Amino acid sequence: MAEICLGLVVVGITAYAVLGGADFGAGFWDLTAGGAERGGRVRGMVQRSMSPVWEANHVWLIFVLVIVWTAFPVAFGSVFSTLAIPLFLAAIGIIFRGTAFALRGHAATIREARAIGATFALSSVLVPFFLGAAVGGIASGRVPVGNLAGDPVESWLNPTGVLIGVLAVLSGAYLAAVFLAGDSARAGLPDLARAFRARALGAGVVTGVAAIAGLLVLRSDARALYDGLTSGGGLAMVLVSAAAGATTLALVASERYDPARWSSAVAVAAITVGWVLAQDPYLLPPRLTLDQAAASDATLTTLVVGTGIGALVLVPSLWYLYRLVLQGRLSHEFEPLDQRFRPTTAGDEPEARR
Amino acid sequence: MADAALLTLATERATGALGAGGGPDALLARRMQALSLAVHIPIVCFGIAFPAMFLFVEGLYLRTGEVTYKALAKRWSRVALTIFAVGVVTGTILSFEFGLLWPNFMATFGEVFGVGFALEGISFFIEAIFIAIYVYGWDRLGRRAHFLAGVPIVVSGFTGSFWVLGVNAWMNDPTGFAVVDGRVTDPKPWEALLAPNLGHELTHMYLAGYIVAGFVVAGVYAAGWLRGRRDLYHRTGLVVALSFAALASAAQGPVGDWAGRRVADSQPVKLATFEGLVRTQAGAPFTIGGVYDADRGEVRYGIEIPRLLSLLAHHNPNATVTGLEVAPPADRPPVNVVRLSFQAMVGIGTLLGLLGLVFVLTWLRHRRLPRSAWFYRAVILAGPLALMALIAGWVATEVGRQPWIVYEVMRTNQAVTRSDGLEAGFAFLVVVYVALAVAVAWLLRRLAAQPPATEVAGDVEEAHA
């Protein structure tokens, strides 16, 4: 039962890393899109792609939290007390990101648009960094069992934490560029598809290099994790991830974006599973094992049954949402997020905006 | 049953899975949690009630073909999506805070109540999926499909409330586990989540959602009404919102009575705190207003109505009502905060019920809206008042639960994090929420400034009636 619950957590983390990660990555491209004129088309595409799905994508994070605190309550309490700083900062970033995204389509002047856009884009980079840093703290064995039993700063501000934080930002940017290139191609906007294709290839190479260099960081900072990732099941998953990442690059290079969506998701899923296998049998290395951390069987059974029944409704609903999205039936007309902004005093508000 | 629980549980208290000895800042942590809830709960009211309202208006459109209805439903759904987006992030903060502020509570009891949040999470998922399909699907899905896409939003709004209140009901009347040597064992999640308090808490809160959302929305159109905006679009907005609010307010009376009697049974000390009743007595009076004086152990300067409390709490004017004296002073909640909040909730709730009655009676007798400008001024005021009653109700029940996080099983100061950086976090959070409030107000004004005709292609009746 504990393994099934861990499986649910892995599914949730993977879905969040792929779908939520891509939404954060879209914010990264928003941040780096350049001036209002030049970046307007990129920002417009980000807005169009994210609007119908970001809320549902975000819920995966909540899903992970509730499964962990139900199935592995002691681990949850230990993690959230020791890693309170990065998790709090991530939560604050989530407020700014979500609110700014909801607001930005309504900006009427270039100044408003700049302020809201910058908030959205900057928080989109900070949230995955801090969440990644928290993961680094757990994976490198710096979260002992107890109410704030670990060091509140060094537990995440260390080579492994920073590495995984940076990788979370990069991989999100990579995924986002792949997805946005596909969305642009489907919307019949070849110039944007080319722009995102170039970004995807660049981000893919940078992410790959950073991941390989990261192994060296892990070797010196988190030896147990390194050993786990370079032997047995951990190694197999690292290789799958690398292969899927390379395949994605090739697919993007040849402009086959739909299969690239799937291979990029496989790359992320494999590394998540690899992480779990690398620290097996521990949930909080180096001491708390999965079995020790697991709640009573009655709880685990109820959780699995309840989630299973929920999935009967949830899975078809998600399928319906993504089908509508991929058919383009929920997308609004593409419009660049730039010259719409004119002073409210211009007198052409609001009819002219239609 | 409650008194028996008092005695048996008194010796069996949970020390916490992360070790005994809590953190230094339980009060600050409570304030942080309360702040976040005070921001989130009003948003939840709109998540509960607004979908039913815009779906009702869309139903009017489908029946009559009048595009004005469509314009209104579309506008409301867009506002609801924005509010939902803010609710997504403020709800995320709450789930983070459970761990950040109360790690020992989560570590100790997560296996007892956690499943409730897992099921709530799934409801939340469904809500997020279908509100996106509904709002972005206007004019793109078939008319029937579009209307049907709205139904899961209403249903999941209810099921989400169901599970969250299941957890809260359990915190107030915990069952479904055993405590052995300070350790929590033998969790029975279903028993915990379907606790006896769930029925009234859920009904009470669900109706509150309709009252708050209904009166706040009605207030917007009442303000327009006073400025002469009385066309079909504004009239529909006013009548629909006011109808939902009035019906819910009327139903809230008996539900409040039910809730009060349940509290009298399951949490007698909390009920005594609501009333500032120190001595256990038969034929207990109900005191309106006044201040509780802890030194004298009585409420001063209030208006005392003999036997009314016994009548309300047990439906018998001579019934015995438990007083605060049964709990040692350290185990009593802060009386004045709780009592004032409780009285504010009951007082405002009564006024809102009367306002709804005026509307319903005028409508039934004359088939029109009231003519007096005072009615519309009262409706404008009713929105903020309903919000106050909502928050006051939560303060009454949650501060009234103190000093326990799990009633009579775990103390709040045992549950709290040992982190000593809460001041900085609290200050930061206040700034963030102020910014959030400003941003949302800005956005809603901007949405309201767009004429209804921008929502639909057809003719919207905007001629002043």
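Residues numbered from 1 in each chain as written. Chains lettered and ligands numbered in written order. Predicted model: local features only at pLDDT ≥ 70, side-chain atom pairs only at ≥ 80, totals over all residues.

*Asks:* Would you take a moment to explain the overall build of chain B for this structure?
*Replies:* When its secondary structure is counted, chain B shows 14 helices and ten strands. In terms of C-alpha radius of gyration, chain B reaches 24 Å, essentially the compact-globule figure of 23 Å for 465 residues. Its C-alpha atoms give chain B principal-axis dimensions of roughly 70 × 50 × 40 Å. (Helix = DSSP H or I, 4+ residues; strand = E, 2+ residues; numbered from the N terminus. Rg over C-alpha atoms; globule rule 2.2 N^0.38 Å.)

*Asks:* Would you mind going over the overall build of chain A with me for this structure?
*Replies:* Scanning chain A from N- to C-terminus turns up 13 helices and two strands. For chain A, the C-alpha atoms occupy an extent of roughly 65 × 40 × 35 Å along the three principal directions. When burial is assessed residue by residue, chain A has 60% of its 354 residues classed as buried. Put simply, 79% of the contacts in chain A that link residues at least 6 apart link residues at least 24 apart. (Buried ≥ 20, exposed ≤ 12 C-beta atoms within 10 Å, placed from the backbone. Contact = placed C-beta atoms within 7 Å.)

*Asks:* Mind showing me how you'd approach helix α1 (residues 2-31) of chain A here?
*Replies:* One turn of an α-helix holds 3.6 residues; hence residues three or four places apart share an orientation. All names here are of chain A. The end-to-end C-alpha distance of α1 is 41 Å, a good match for the 44 Å that 30 residues give at a rise of 1.5 Å each. Helix geometry: α1 is bent most strongly at Gly 21, by close to 30°. The buried fraction of α1 is high, at 22 of 30 residues. (Expected span 1.5 Å × (residues − 1). Bend = angle between axes of the 7 residues up to and from the residue.)

*Asks:* Explain the packing of α1 of chain A against helix α2 (residues 36-50) of chain A here, please?
*Replies:* A pair of packed helices can be characterised by two numbers: the angle between their axes and the separation between those axes. All names here are of chain A. Relative to each other, α1 and α2 sit at 165°, their axes nearing to 9 Å. The orientation of α1 with respect to α2, classified from their angle, is roughly antiparallel. The way α1 lies across α2 gives a crossing that is left-handed. Touching Asp 23, Ala 26, Trp 29 and Asp 30 of α1 are Val 42, Arg 43, Val 46, Ser 49 and Met 50, all from α2. (Axes fitted to C-alpha atoms, helices over the stretch in contact; angles between N-to-C directions. Parallel < 35°, antiparallel > 145°, perpendicular 65-115°, else oblique. Left-handed = near helix turned anticlockwise from the far one by under 90°.)

*Asks:* Looking at this structure, I do not really get the interface of chain A and chain B. What am I missing?
*Replies:* Accessible area lost upon the coming together of the parts is a frequently used measure of interface size. Counting from both sides, the interface comprises 57 residues of chain A and, opposite them, 56 residues of chain B. Looking at side-chain class alone, the side of chain A that touches chain B contains 36 nonpolar, 18 polar and three charged residues. (Nonpolar A, V, L, I, M, F, W, Y, C, P; charged D, E, K, R; others polar.)

*Asks:* Explanation requested: the environment of Gly 165 of chain A in the structure shown.
*Replies:* Residues and elements named next belong to chain A. Mapped onto the elements, Gly 165 comes out in helix α7 (residues 159-186). The spacing of Gly 165 and Val 266 is 101 residues in sequence and 20 Å in space, taken between C-alpha atoms. Those residues in contact with Gly 165 that sit more than four places away from it in its chain are Phe 129, Phe 130, Gly 132, Ala 133 and Gly 136.

*Asks:* So what exactly am I meant to see when it comes to the packing of helix α7 (residues 198-226) of chain B against helix α8 (residues 232-266) of chain B here?
*Replies:* Residues and elements named next belong to chain B. At their nearest, the axes of α7 and α8 sit 7 Å apart, and the two run at 150° to each other. On the basis of their axis angle, the class for α7 and α8 is roughly antiparallel. Two packed elements cross with a definite hand, and for α7 against α8 that hand is left-handed. Tallied by class, the residues present in the contact of α7 with α8 amount to 19 nonpolar, ten polar and one charged.

*Asks:* Looking at this structure, I do not really get helix α4 (residues 103-136) of chain B. What am I missing?
*Replies:* The terminal C-alpha atoms of α4 of chain B lie 39 Å apart, and with 34 residues this falls more than 12% below the ideal 50 Å at 1.5 Å per residue. Burial of α4 of chain B is extensive: 34 of the 34 residues sit out of reach of the surface.

*Asks:* For this particular structure, what's the right way to read the confidence of the model for chain A?
*Replies:* Atomic detail in the predicted coordinates should be set aside for any region of low pLDDT. Across chain A, the average pLDDT comes to 90, with 95% of residues at 70 or higher. Within the model, pLDDT remains below 50 along residues 341-354 of chain A, and this stretch shows 15 contacts once partners closer than five positions in the same chain are excluded. (pLDDT = per-residue confidence, 0-100.)

*Asks:* Would you mind going over the confidence of the model for chain B with me for this structure?
*Replies:* All names here are of chain B. Per-residue confidence for chain B averages 90 on the pLDDT scale, and 95% of its residues sit at or above 70. For the stretch residues 1-11, pLDDT sits under 50, and the model shows seven contacts to residues farther than four places along the chain or on other chains. Overall fold confidence for the complex sits at a pTM of 0.90, while the interface term, ipTM, reaches 0.90.

*Asks:* Would you explain unusual backbone geometry in this entry?
*Replies:* Keep in mind that most residues, glycine aside, have a negative phi and that most peptide bonds are trans. Of note, the bond from Asp 280 of chain A into Pro 281 of chain A is cis; its omega dihedral lies within 30 degrees of zero at 5°. Structurally, Pro 281 of chain A can be placed in the loop between α11 (257-278) and β1 (282-284). Omega for the bond connecting Pro 285 of chain A with Pro 286 of chain A falls within 30 degrees of zero, at 5°, which places this linkage in the cis form. Within the fold, Pro 286 of chain A resides in the loop between β1 and β2 (288-289). Even without a glycine there, the phi angle at Asp 186 of chain B is positive, about 55°. Summarising the element assignment, Asp 186 of chain B is placed in the loop between β2 (183-185) and α6 (189-193). With 12 C-beta atoms counted inside 10 Å, the residue Asp 186 of chain B sits in the exposed group. Even without a glycine there, the phi angle at Arg 367 of chain B is positive, about 55°.

*Asks:* Help me out: how do you make sense of the environment of Ala 193 of chain A in this one?
*Replies:* With respect to the helices, strands and loops of the structure, Ala 193 of chain A is situated in helix α8 (residues 190-221). With 64 residues separating them along the chain, Ala 193 of chain A and Tyr 257 of chain A place their C-alpha atoms 9.7 Å apart.

*Asks:* Help me understand the environment of Lys 270 of chain B in this model?
*Replies:* Residues and elements named next belong to chain B. As for its position among the elements, Lys 270 is in helix α9 (residues 268-275). Along the primary structure Lys 270 and Met 205 are separated by 65 residues, whereas in three dimensions their C-alpha atoms are 18 Å apart. Apart from the residues lying within four places of it in its own chain, the contact partners of Lys 270 are Val 263, Pro 333, Gly 400 and Arg 401.

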